[in-house]
Amino acid sequence: MKPKIAIACQGGGSQTAFTAGVLHALFEAGIQKDFEIVSLSGTSGGAVCATLLWYSIQKGERPVWKRMLDFWRDNSPQADAERWFNDWVVHWVRVINGGHWPALQISPASDIAKAMMTYFTSGQRKSFADFAELLKTHIDFDEIASWGPRAERPVLVMGAANVLTGKLRKFISNKETIRIEHILASCAVPSIFPAVEIGDDAYWDGLFSDNPPIDELIKPAYVGPGNIADEIWLIKINPTRRNSIPVRTDDIIDRRNQLEGNVSLFQQLVQVELINDLIVGGAFKAEFLKGLGIKSAIRIPKCFHEDPDKPYHIPCIEMSEEIQETLDYESKIDRGSKNLDLLIEDGRKRAREFLDARARAVKQ
């Protein structure tokens, strides 16, 4: 039988173009021939990539990665007005975060913010100026609505945080119909987007809940008893380590964002590792595990744990160190083709290295 794989995509704004490159290379290499892809999870930009891939798979499109790459191409500036706007935003955020200009705090839900966006985005494509329109250009949400909850593999899981109750929220394709509001909620960075209202609740970026959802991927109550992953492949955006103590204000902001993006991830992996240790130690009866759809310890990313000798660890997929060293916080809002193309290509490279490393590890 094919190993069951869950692919989890961490969020990170424009830096998740790296994720698009990874997914492109994985599926271009034909992983679906050797593995059963049972679930996809994502937060923020990771949720965008996961949803685009999930949608293409559900539609039976070939190649499944084309729609996702088309989205990222459409997301980048195409005309002079769009390039000017993108470069202006990145420049001024960099100046402000560097302490060279005072910050003006404006709520993204305010009339002033809306008027400013209307003024500065005049003359641009609607799909470039409006994130919701960009999503609608590449995903037919009316078609998804006609499907209803989708039981077919892979199961899609997206994370968001309920602003009002403080509780975590998962949008799961086999439990409810995937809507554009679910993606917008997972991407709603409070300083950029207003909270997304769904029913009586309102949601912010999934960064506050889990980045990306992990523990749901091994719980039958979420993904279904037949979709428990044997391995979790993590596409990681935020680096775990930093070589120097951040002192400048922009470095502090960047490192704080990285830590915030990793803290929920590591907490979830601690839980998975504990379950694995109990399984390896014989704490559960075989009949009990069988009822949960779990055959053995789940292989989780080695980037989390320092002990590579544990039998259930595999490499995770991270950006190359040389790319990480060139990125700052502002690159997460930079939609320029130079930034996106660099990240996509690095994602392709790292995915191929990941597949080679996994193949060697399995043979040992």
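Residues numbered from 1 in each chain as written. Predicted model: local features only at pLDDT ≥ 70, side-chain atom pairs only at ≥ 80, totals over all residues. Heavy atoms only, no water.

Caption draft 1: Representation of the pairing of strand β1 (residues 4-9). By the criterion of burial, β1 is predominantly enclosed, with six of the six residues buried. Of the two faces of β1, the one carrying Lys4, Ala6 and Ala8 and the one carrying Ile5, Ile7 and Cys9 are both buried. The sheet contact formed by β1 and strand β2 (residues 36-42) spans six bridges and is parallel. Its bridge partner being in β2, Ala8 is matched across the sheet by Ser41. Bridge count between β1 and strand β7 (residues 231-236): five bridges; the pairing is parallel. When the bridges of β7 are listed, Ile5 appears paired with Glu231. (Buried < 20%, exposed > 50% of the residue type's maximum accessible area, 1.4 Å probe, protein only. Helix = DSSP H or I, 4+ residues; strand = E, 2+ residues; numbered from the N terminus. Pairing = 2+ DSSP bridges.)

Caption draft 2: Just the nonpolar core, in detail. Ile7, Leu23, Leu26, Phe27, Ile31, Trp72 and Trp233 are the most contacted members of the largest nonpolar core, which has 63 residues in total. By size, the runner-up hydrophobic cluster in this structure holds 26 residues, among which are Val223, Val272, Ile298 and Cys303. (Core = buried A, V, L, I, M, F, W, Y, C linked by side-chain atoms within 4.5 Å.)

Caption draft 3: Up close: the pairing of strand β3 (residues 155-162). In terms of burial, β3 is a largely internal element, eight of the eight residues being buried. With burial as the criterion, each face of β3 is covered, one bearing Val155, Val157, Gly159 and Ala161 and the other bearing Leu156, Met158, Ala160 and Asn162. Here β3 pairs with strand β4 (residues 168-172) via five bridges, running antiparallel. Considered in β4, the bridge of Ala160 is made with Arg169. What sits between β3 and β4 in their antiparallel hairpin is a turn of five residues, with Gly166 showing a positive phi close to 80°. Relative to strand β6 (residues 201-204), β3 is paired through two bridges, and the arrangement is antiparallel. Bridging from a neighbouring strand, Asn162 pairs with Tyr203 of β6.

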